[in-house]
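# Structural features, examined
Spelled out from the first residue to the last, the chains are:
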Amino acid sequence: QVQVVESGGGLVQAGGSLRLSCAASGHTFSRYAMGWFRQAPGKEREFVAAISRSGSNTYYSDSVKGRFTISRDNAKNTMYLQMNSLKPEDTAVYYCAARQVSQTIVIRTTLYEYDVWGQGTQVTVSS
């Protein structure tokens, strides 16, 4: 099974940008549909964005659509989340998730569809 590690979190002012990375190892990255989730203090973990094995399909939560962009580089075994126009309500721990799928265009958007998780990276947006 693949292992994933997030990086790129930090403190940024409202309106700023950050790029998160999710580095995969241990298995063929291109066999996995990938996703980003986040969890704010006192709240449940929520879906942010997802991408298919090939990268051809993506999907976003309404709260980040138009501001965040998910992408992947299968040659580098890495997924990214470019976050622009950040808001204080984007403050959370961001998690990378993976699920092996057979079809290249499939995406997964719920917690329960993923079985590999990273440790998370903190994103804090100050007002």
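Refer to the structure presented above.
Moving on, we come to the packing of aromatic side chains. This structure, assessed with the given rule, holds five aromatic pairs. Taking 5.7 Å as the distance between ring centres and 75 degrees as the angle between the ring planes, the aromatic pair formed by Phe37 and Phe47 counts as edge-to-face. Taken together, the positions of Phe37 in strand 4 (residues 32-39) and Phe47 in strand 5 (residues 46-51) put the pair ten residues apart, joining distant regions of the chain. The buried category is assigned to Phe37, whose relative accessible area is 1%. A centroid spacing of 6.2 Å and a plane angle of 65 degrees characterise the contact between Tyr114 and Trp117, whose relative ring orientation is edge-to-face. By relative accessible area, Tyr114 is classed as buried at 5%. Residue classification places Trp117 among the partly exposed residues on the basis of a relative accessible area of 26%. Members of the aromatic cluster, each reached through a chain of ring pairs, are Phe37, Phe47, Tyr59, Tyr114 and Trp117.

What the four strands build is an open sheet, ordered 1-3-8-7; its pairing is antiparallel. Because the sheet does not close on itself, it has two edges, and the strands there are strand 1 (3-7) and strand 7 (68-73). Between one strand and the next, the sheet's axes are offset by a mean angle of 15 degrees, whatever the strand orientation.

What counts and how
Residues numbered from 1 in each chain as written. Predicted model: local features only at pLDDT ≥ 70, side-chain atom pairs only at ≥ 80, totals over all residues. Heavy atoms only, no water. Phe/Tyr/Trp six-rings, centres within 6.5 Å; stacked < 30°, edge-to-face > 60°. Helix = DSSP H or I, 4+ residues; strand = E, 2+ residues; numbered from the N terminus. Buried < 20%, exposed > 50% of the residue type's maximum accessible area, 1.4 Å probe, protein only. Pairing = 2+ DSSP bridges. Axes fitted to C-alpha atoms, helices over the stretch in contact; angles between N-to-C directions.

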